[in-house]
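# A structural walkthrough
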Amino acid sequence: MQVEAIYSQGCIKFVEPLRLKHDHIRLIVNVPDDEVELQTTPFGLPAQALSRAQAMLAKYQAILNAPYPPDEDLPELNAEYQERLEAIDLRAQIRQEQGRPV
């Protein structure tokens, strides 16, 4: 159900009176983009914490954007890892035979 409400200094009030079944409910509120002020620092973080977070993000993005190594440069699978892959395949086959999602 869509209802109209007015936001004023931290409070949301319905334009038309509305009686709700429960005291606490979750709502989704659509706010026009031009009514939102962007903060210059997210969540009021100190400059040192913000620079550390930006450095971590840059490192993470570099990892995500790194090219895959050629297949011939990949190390051989050891026996333990190969056993784990086989166990995963076996579990998937059992689930499939039982009609459960894989």
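Please refer to the structure placed before this passage.
Remember, predicted model here, so these are calculated numbers, not experimental data.

Conventions adopted
- Residues numbered from 1 in each chain as written.
- Predicted model: local features only at pLDDT ≥ 70, side-chain atom pairs only at ≥ 80, totals over all residues.
- Heavy atoms only, no water.
- Helix = DSSP H or I, 4+ residues; strand = E, 2+ residues; numbered from the N terminus.
- Rg over C-alpha atoms; globule rule 2.2 N^0.38 Å.
- Buried < 20%, exposed > 50% of the residue type's maximum accessible area, 1.4 Å probe, protein only.
- Patch = residues over 30% accessible without salt bridge, like charges linked within 9 Å, V, L, I, M, F, W, Y side chains within 5 Å.
- Areas by Shrake-Rupley, 256 points an atom, 1.4 Å probe, with all protein chains shown as cover.
- Salt bridge = Lys/Arg side-chain N within 4 Å of Asp/Glu carboxyl O.
- Expected span 1.5 Å × (residues − 1).
- Polar contact = N/O pair within 3.5 Å; in protein donor to acceptor, adjacent residues only side chain to side chain.
- Pairing = 2+ DSSP bridges.

## Describing the overall build of the protein chain
- Helix and strand counts for the protein chain come out as two helices and two strands.
- Going residue by residue from the N terminus, the α and β elements of the protein chain occur as β-β-α-α.
- Taken over the C-alpha trace, the protein chain has a radius of gyration of 26 Å; the compact-globule value for 102 residues is 13 Å, which it surpasses by more than 25%.
- Considering only C-alpha atoms, the protein chain reaches an extent of 65 × 50 × 20 Å along its principal axes.
- The buried share among the 102 residues of the protein chain stands at 2%.

## Digging into a nonpolar patch on the surface
- On the surface, a nonpolar cluster with roughly 1300 Å² of combined accessible area is contributed by Met1, Val3, Tyr7, Ile12, Leu18, Leu20, Ile25, Leu27, Val29, Val31, Val36 and Leu38.
- By the element assignment, Val3 lies in the segment before strand 1 (5–8).

## Re the environment of Glu35
- In this fold, Glu35 is placed in the loop between strand 2 (11–14) and helix 1 (47–65).
- Placed 32 residues apart in sequence, Glu35 and Val3 show a C-alpha to C-alpha distance of 19 Å.

## Topic: helix 2 (residues 79–97)
- Here helix 2 spans 27 Å end to end across 19 residues, near enough to the 27 Å set by a 1.5 Å rise per residue.
- Near the N-terminus of helix 2, the side chain that reaches the backbone nitrogen of Glu80, with its oxygen 3.3 Å away, is that of Asn78.
- Once helix 2 finishes, Gly99 follows within two positions and takes phi at roughly 80°, a positive value.

## Details of the pairing of strand 2
- Strand direction decides the pairing type here: strand 1 and strand 2, joined by four bridges, are antiparallel. Its bridge partner being in strand 2, Ile6 is matched across the sheet by Lys13.
- With antiparallel pairing between neighbouring strands as the criterion, strand 1 and strand 2 make up a hairpin whose turn holds two residues, including Gln9 at a positive phi of roughly 50°.

## Things to note about the environment of Leu74
- With respect to the element layout, Leu74 can be found in the loop between helix 1 and helix 2.
- Distance from Leu74 to Leu85, taken between C-alpha atoms, is 17 Å for residues 11 residues apart in sequence.

## Topic: unusual backbone geometry
- The backbone of Gln9 shows a phi angle near 50°, a positive value even though the residue is not glycine.
- Within the secondary structure, Gln9 is located in the loop between strand 1 and strand 2.

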